[in-house]
Amino acid sequence: MRYKIAAGNWKMNTNHEQGLDLARAIVQGTEPQEGIKVILGTPFIHLKDVVEICKGNTQVGVAAQNCHQEEKGAFTGEISVGMLKSIGVDYVIVGHSERRQYFRESNELLAQKTKAVLAGGLKPIFCCGESLEIRNEGWHVRYVKNQLKRGLFDLSEEDFKKIIIAYEPIWAIGTGVTASPEQAQEIHKEIRTSIAEVYGTDVAQNTTILYGGSVKPANANELFSQPDVDGGLVGGASLKAETFLPIIEALSPKA
Ligand code: 13P
């Protein structure tokens, strides 16, 4: 089902106390509203407590930033989907460009992780997006479509319906440079079209597609008002309630 979503990706930021304070401030500041969701993508060590903080607030869900593709075993330092489920986590961010780049996660591995998340009963937030070099060379649409094809498009329709997509151009992440609303709309529309080609128009129209890359209070309204942009996956601006709450507010259609 298609929602308006503001998802925070805290990355490797906040100690335990800071993380819980931030989660409390966001939960307290979020008014329940039909069709709108807030997701907190926290470091692993905060997850269990943040799930507790969010209990009773149906608006706010909790995401892990990564998981392992296997159910269990000798994988020192890794976290399985079953472990995340056992503490009440709802979502897992899969294939963030930082994981693709710094941890060499390939499309094939991400297809496995996506399937593991779904098999474990959680929902993937699947990230895609091109580098500046690819954008400058003009084949970003083809590149992103290929990421989707190899990461997602052999899922059954039933499974695909549980996916949230986040388009995050690498050149806009943490740089202060945001894709223009037109640039975001162009590629979100292309993403929706390629979903329609595989799963049909209904599924495509019901897929939530988020934009990520330097989303902030000053640009959220304009980005989120694009017809195919269903909200944002937010890094830096999700680390403070003062900047994340206005981004959540920007999801509500203005009267
Ligand atoms: P920034 O909002 O800090 O650019 O990060 C975006 C991002 O990577 C979210 O996953």
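In case you missed it, the structure is sitting above this.
It should be emphasised that the depicted structure is a prediction, and the values quoted were computed from it without experimental measurement.

Asks: I keep staring at the overall build of the protein chain and nothing clicks. Help me out?
Replies: Scanning the protein chain from terminus to terminus reveals 12 helices and 8 strands. Against the 2.2 N^0.38 benchmark of 18 Å for 255 residues, the protein chain shows a C-alpha radius of gyration of 17 Å, consistent with a compact globule. With respect to the three principal axes, the spread of C-alpha positions in the protein chain is 50 × 45 × 35 Å. A total of 255 residues make up the protein chain; the buried ones form 53% of that total. For the protein chain, restricting intrachain contacts to residue pairs at least 6 apart in sequence, the fraction spanning at least 24 positions comes to 72%. Approximately 11,900 Å² of the protein chain is accessible, and the part contributed by carbon and sulfur atoms is 51%. Charged side chains in the protein chain number 27 positive and 31 negative. The centres of these two groups are separated by 2 Å.

Asks: Is there a simple way to explain the sheet that holds strand S1 (residues 4-9) in this structure?
Replies: What links the strands of a sheet is backbone hydrogen bonding, and the strands pair in either a parallel or an antiparallel sense. One closed barrel holds the 8 strands; their spatial order is S1-S2-S3-S4-S5-S6-S7-S8, and the pairing between them is parallel. Averaged over neighbouring strand pairs, the angle between their axes works out to 25° when direction is ignored. Alignment of S1 against strand S8 (residues 231-234), held across 4 bridges, turns out to be parallel. Considered in S8, the bridge of Gly 8 is made with Val 234. Those strands touched by helix H5 (residues 107-119) are strand S4 (91-94) and strand S5 (123-128), and its axis lies near 160° from that of S5. In this fold helix H7 (residues 140-151) packs onto S5 and strand S6 (164-167), with an angle of close to 150° to the strand it touches most, S5.

Asks: Could you clarify how one ought to interpret the site of the ligand in this entry?
Replies: Surrounding the ligand, one finds 13 residues, the nearest of these being Lys 11, His 96, Gly 174, Ser 214 and Gly 236. Here an oxygen atom of the ligand and a side-chain polar atom of His 96 are 2.8 Å apart. Look at the ligand: alone it shows 310 Å² of surface, and the protein chains cover 95% of it. Of the residues assigned to the shell around the ligand, the class counts are 4 nonpolar, 7 polar and 2 charged.

Asks: Sorry if this is basic, but what is going on with the packing of H5 against H7 here?
Replies: In a pair of packed helices, the angle between the axes and the distance between the axes together describe the arrangement. It is at 8 Å that the axes of H5 and H7 come closest, and there the two elements cross at 50°. Taken together, the axis directions place H5 and H7 in an arrangement best described as oblique. Crossing of H5 against H7: the hand is right-handed. Between H5 and H7, the contacting residues are Asn 107, Glu 108, Ala 111 and Thr 114 on the first element and Asn 146, Gln 147, Arg 150 and Gly 151 on the second. Its residues placed into classes, the contact of H5 with H7 shows 1 nonpolar, 5 polar and 2 charged.

Asks: What exactly am I supposed to notice about helix H2 (residues 47-54) here?
Replies: Residues spaced three or four apart along an α-helix face the same direction, because each turn holds 3.6 residues. Considered for burial, the residues of H2 that qualify are Leu 47, Val 50, Val 51, Ile 53 and Cys 54. Seen along its axis, H2 keeps its buried residues to an arc of 160°; they face one direction. Of the surrounding elements, those touching the buried residues of H2 are helix H1 (16-29), strand S2 (36-41), strand S3 (60-64) and helix H3 (81-86). With its phi angle positive at about 90°, Gly 56 sits one or two positions after the end of H2.

Asks: Can you walk me through the nonpolar core in this structure?
Replies: Nonpolar side chains in soluble globular proteins generally cluster together in the buried interior. Counting residues in each nonpolar core, the largest one holds 67 residues, and the members touching the most others are Leu 40, Phe 160, Ile 165 and Ile 195. Aside from chain neighbours lying at most four places away, what touches Ile 195 is Phe 153, Phe 160, Ile 165, Gly 200, Val 203, Ala 204, Thr 207 and Ile 209. Residues Ile 5, Ile 39, Cys 127 and Leu 233 belong to the second largest nonpolar core, which totals 12 residues.

Asks: Any chance you could explain the state of the cysteines here in plain terms?
Replies: Each disulfide consists of one covalent bond between the sulfur atoms belonging to two cysteines. Within this structure, the stated rule accounts for 0 disulfides. With no disulfide of its own, Cys 67 has Cys 127 as its nearest cysteine by sulfur position, at a separation of 12 Å. Owing to a relative accessible area of 1%, Cys 67 belongs among the buried residues under this scheme. With no disulfide of its own, Cys 128 lies 7.5 Å from the sulfur of Cys 127, the closest cysteine sulfur. Here Cys 128 falls in the buried class, since its relative accessible area comes to 3%.

The rules we used
Residues numbered from 1 in each chain as written. Predicted model: local features only at pLDDT ≥ 70, side-chain atom pairs only at ≥ 80, totals over all residues. Heavy atoms only, no water. Helix = DSSP H or I, 4+ residues; strand = E, 2+ residues; numbered from the N terminus. Rg over C-alpha atoms; globule rule 2.2 N^0.38 Å. Buried < 20%, exposed > 50% of the residue type's maximum accessible area, 1.4 Å probe, protein only. Contact = heavy atoms within 4.5 Å. Areas by Shrake-Rupley, 256 points an atom, 1.4 Å probe, with all protein chains shown as cover. Lys, Arg positive; Asp, Glu negative; His and termini not counted. Charge placed at Lys NZ, Arg CZ, Asp CG, Glu CD. Pairing = 2+ DSSP bridges. Axes fitted to C-alpha atoms, helices over the stretch in contact; angles between N-to-C directions. Near = heavy atom within 4 Å. Polar contact = N/O pair within 3.5 Å; in protein donor to acceptor, adjacent residues only side chain to side chain. Nonpolar A, V, L, I, M, F, W, Y, C, P; charged D, E, K, R; others polar. Parallel < 35°, antiparallel > 145°, perpendicular 65-115°, else oblique. Left-handed = near helix turned anticlockwise from the far one by under 90°. Arc of directions from axis to C-beta. Core = buried A, V, L, I, M, F, W, Y, C linked by side-chain atoms within 4.5 Å. Disulfide = S-S within 2.5 Å.

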